[in-house]
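# Fold and geometry: a report
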Amino acid sequence: MANPVGEDNWVAYVDQLRRDARDLEACVRVVEAFRRATLAEPGSLKVWIEYCEYFWSLYTDCEHANLPGWSSEEIQMGRETFTFDGALNLWQEGYEAVQYRLDDSHELWNRWISLELDCLRRTVTEAGVRRITHLFKDRLAVPHATWDATSQMFSSFLSEYNRHGYESEMQRVTNDAKQAKRSYDLRDPWETKLAAARRAADPDAVRNVLSEYLEWEIRTLKSKQHVRDAPVNFQICLGLFSRALTGPLAADESTWLDYVVLISTTHSDLKTGRSAVPAALVPNMLDLLQRAVRHVPWSGPLWARYILSAEEAGLMFTDIETIKHAATDSAQLDRDGMASVLEMYAAWCGYLKRSAMKASATEEEIDVAEVGLPSAIEDVRHWGKRKYGDQYQGDPDYRLEKILIQFLTEKKDDIEGARQVWEELSRVPLHANSYDFWLNWYLWEMMVFSAARSKSRSPVPLSQGLPVPTFATRVFNRALQVRTVDWPERLMEVYLRHCNDYEPAETLREAHDTIYKTRKGVAKRRAREAAQAAQAAAEAAEAPGMQAEDQFMTDVDGATSTSPGSKRKRESTPDVEEDATGHKRAKSEAPAGDEPKRDRENTSIWLADLPVDTTQTKIKQFLHGYGRIVNIDIKKGDGSAVALVELGSPDDARSALLRDGRYLGQNVVRVSPATDCTLFVTNYPPEADEQYLRGLFEKCGEIFGVRFPSLKYNTKRRFCYVTFRTRAAAAAATKLDGKSLESGKYRLVAKFSDPAARQQRHGAQAEERELHVVNLPRGVSDDDVRGIFSKAGRVVSVRLPRTMAGHTTGTAFVVMETREEAKEAIGTLDKLIFGQHPIKVELSRPPVAKTTATTRAARPSTMSPEPGPSGSSTSTPPPAPADIAARTIAVLNVPDTMTDARLRTVLAAAGVPVDEAVKFVLHPKHGGAVIEFATQAAAGKASLAVDGVEVDAPAGPDGISDGAGKRKLKTGTVQELFRAKGEKRVDRIDKPAAASSQASASSSESGSGLICDTDQHHVCYVDAAAFTFCARKDGGSGSGAAQLSNGEPAAKSNADFKKMFLSSAGGGQSSAAAGTGADGEKAAQDGTN
């Protein structure tokens, strides 16, 4: 293993050499191997410690002549080679290489300083004391995890060797270390998360935390807020990359690319004077890229950057050719397909082209490009055929061919040779079926035509005294003969415009004829495609599968995953509402009109390279006249912006693509379809948030946004839509479909989003063949029910729900063979007396979707007792309403996209004792949750902890999505929660504001209803506006607490909760509890039910 990769392999390689080292020459070879290891892994703590320890052992062995088998001459030469100063200098060199590894650099430092102190104890000198004092000061000025321990070591050192200067030295060190302490405190939360992941022995968690930590470090480095600490932050960032790239992320391509881009941009900023980082701290690009391609030799982007950086550094042709050969000799370059091969060859061909086309190019450089470019194209073709056989059709973007065409056109003036390249490409179905290919060929022909006309020499024929671009016209004639081209409408549009601008009347007439016939053929083709799509959709609807929305999450074993304490449902539940007849029907989240379902996936386009100050208004102006704009989502980056624009129809989206290449301000905007860029993702852990999902898919490519559904009408929803910046990234993300999460508890679903694929409900219930029978005798059997219903027709199945004790519940579900037989059964058997019971027979309907999510803990003594066997309560008296109200808080301002599991996780992280909550009820319709705790002290602590907690929320209506919005949670009374109307989000800009105001008005209408709590034996009338309650059944007045003059309960403030929390160590009732009115107590009690 002459060239190992990775710190573990280097250590193993050198360790083998050490075991074989029997003389001075062999030991020198070991030292040289260690030196090569530090060059290959300059930030590896393990390599440096092994290196320094080995060199120190050679020094001590030579000093004491403890080297069996060595001659006296070798020992003397060893003393001259492995000197004391050399050993200490090596320790210092190793420390300087790893000092900014915050979590583990102390391992090398502690060993080094212990050796220095041992030497000082043997011979105490003033110079030695000054040296070690200087070492301690330098160390304490660097942020690290064991700073306090290092400070204590320094204190002990001063107490022993410099008592008179103790106070002044310690005061000076403390002042100098303020920046180091501040820098570490800023990163302490990340270090804590990383340490926790390591203790949990979860490699995936360690990698995820490290990746997020690195992203945060890079953002901090770019932040203007921390520009004063830029040099230190830069070194800490390099230290973190060293930890990652010599550890769990050593073979992670994206991490290496992040590192390379960071160093590359820093070099660029240094050249322009925009960087506050000293140039001496910035690593050399070529050395970094050489390390990168050794760790991830399958990365085409890294090989391409290596070639480009070598060209920029002015390396000779032979050196750059060596890099190219190293890439092609790697057996792993095509590990992930041909993409990396093409990426590397594109960089190589770009280098050849630039070398040949520069003004000072020699004949040799031109000849090399003339031979090398076709040779590279041939090499890639053979490579693809060898890997995929005849299925390989080349690069979809034909990058190498474009480079060759440019070289032949601009440098060799070989127009026919370049045209021959276009001809060869047109014979490949992959290119012939792409309208983009034909338009690029046409544009090239027009460029040649314009250049020829400007030279006053026309190689094209003349018609009526005017030059005619005949070759450009022939491109369209060829293109329209291809029956499978993906967008013929666009080609016909440009063809007609071209003939109008350049061709004579005869050719224009022929173009009209051609377009007329082509349009007829295209219309038939589109009709045929629509029929095939409809047939495929029908077949998909008939096939068993899961709903695209509102489905239950299933674990790997297929069991339905529900919230703790929730009842198991007979089948999945959609959003439903009750109509005038009492039947339930599907309910949309925005119940306004019969508007067709939006098709974001097929009606959206990307606008890239927008000016960074782009607004929705500017985009509307840019796309004016090219279709109806439904929504605009803008994401701003460094120097430019990207927008995802949703249009009214697929035709509008195709029309908007015509704006590709047009100017907006000073920027040329790139317009491309956003089809197949969005994934439907579900079956992830309930507590997963946007950050979790971004981490899950971060290696697939850039994520533009994550969209969660509203839970206002169905709290069981657990899915989202993840939009990627490119189709390739989305396709890579679909490979994670079926990925096991949380040790196999969940199996991820990640599929391309397709609204047309939503399956219609099917089965007996959807076909109105299932009957729901109520009020049956308790002892009835399946055969009894089957016997009665067989009079109306053939009974397919009978199901009698049973309790956990095995008793029937008096209900049954009967499936008839046909819908007509089910109707007959309703007509003849409804209200039939069966076993002295008048039974009710009706069609089975889906259960209503839950608009709240309730989680209950194990029932503590403070909660109401369960009824006894006879239906009466046990001897333990139920808690008073005042006690329940005192233990209950309401959390307000919760986004309606946040599940109860995610909210519990956020609250737990903020210090809320959620493990002491006995009931947790999420109310998305009101934007909050009601939490009942086991003790008043826990409620007080929770109230203090909740206020000000920031949570992710959907971005605002301005269309700017630099990241998810933030909002702060707060606490309040249960009355305040139920008076809240909830949020109304409109993710479109083509609707007037009246729609939302009307919805708000309708939601504010008050109403009342009867609420019965069987456990508490309370009955109350609830008014949505005033929350007025009647007395208890048992005669208790419930008026023992204070009320305001208008009947409203006195609200608890943070001061009340704080006072209660501090004074209720014994669990007694606090003044805050006593100050809560009976109405408020009952509202809190019922709000948690």
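Here the structure is a predicted model, which is why all the values come from computation and not from measurement. (Residues numbered from 1 in each chain as written. Predicted model: local features only at pLDDT ≥ 70, side-chain atom pairs only at ≥ 80, totals over all residues. Heavy atoms only, no water.)

### Remarks on the overall build of the protein
From N to C terminus, the protein includes 40 helices and 33 strands. Relative to its 1089 residues, the protein shows a buried fraction of 45%. In the protein, the proportion of contacts linking residues at least 24 apart, taken out of those at least 6 apart, comes to 67%. Carbon together with sulfur atoms contributes 51% to the accessible area of the protein, which is approximately 53900 Å² in total. (Helix = DSSP H or I, 4+ residues; strand = E, 2+ residues; numbered from the N terminus. Buried < 20%, exposed > 50% of the residue type's maximum accessible area, 1.4 Å probe, protein only. Contact = heavy atoms within 4.5 Å. Areas by Shrake-Rupley, 256 points an atom, 1.4 Å probe, with all protein chains shown as cover.)

### What about the pattern of salt bridges?
Summed over the entire model, instances satisfying the criterion amount to 50 salt bridges. One salt bridge connects arginine 111 with glutamate 53, and the closest N-O pair in it is separated by 2.7 Å. Placement of arginine 111 in helix α6 (residues 106–122) and of glutamate 53 in helix α3 (residues 45–63) is noted, with a sequence separation of 58 residues between them. Via salt bridges that share partners, Asp103, Glu191, Arg198 and Arg243 belong to a single interconnected network. (Salt bridge = Lys/Arg side-chain N within 4 Å of Asp/Glu carboxyl O.)

### Re helix α20 (residues 415–426)
Spanning twelve residues, α20 covers 17 Å between terminal C-alpha atoms, matching the ideal 16 Å at 1.5 Å per step. Every buried residue belonging to α20 is among Ile415, Gly417, Ala418, Arg419, Val421, Trp422, Leu425 and Ser426, and all of these are buried. Where the residues of α20 are buried, they touch α19 (399–411), α21 (429–432), α22 (435–454) and α23 (470–479). (Expected span 1.5 Å × (residues − 1).)

### A word on the pairing of strand β21 (residues 811–816)
Counted residue by residue, β21 has six buried out of six residues, so it is predominantly covered. The side-chain alternation of β21 yields two buried faces, one formed by Thr811, Phe813 and Val815 and the other by Ala812, Val814 and Met816. Note that strand β19 (residues 770–774) and β21 share five bridges and pair antiparallel. In the strand pairing of β21, valine 773 is matched with alanine 812. (Pairing = 2+ DSSP bridges.)

### Section: unusual backbone geometry
One non-glycine residue, aspartate 413, lies in the positive phi region at around 55°. Take aspartate 413: it is sitting in the loop between α19 and α20. Despite not being glycine, asparagine 775 has its phi angle at roughly 75°, a positive value. Residue placement: asparagine 775 occurs in the loop between β19 and α31 (782–789).

### As for the environment of phenylalanine 82
Residue placement: phenylalanine 82 occurs in the loop between α4 (72–81) and α5 (84–98). Remark: the alpha-carbon pair of phenylalanine 82 and cysteine 62, spanning 20 residues in sequence, is separated by 7.8 Å. Once residues within four sequence positions are removed from consideration, phenylalanine 82 is found in contact with Leu24, Val28, Val31, Phe55, Leu58, Tyr59 and Cys62.

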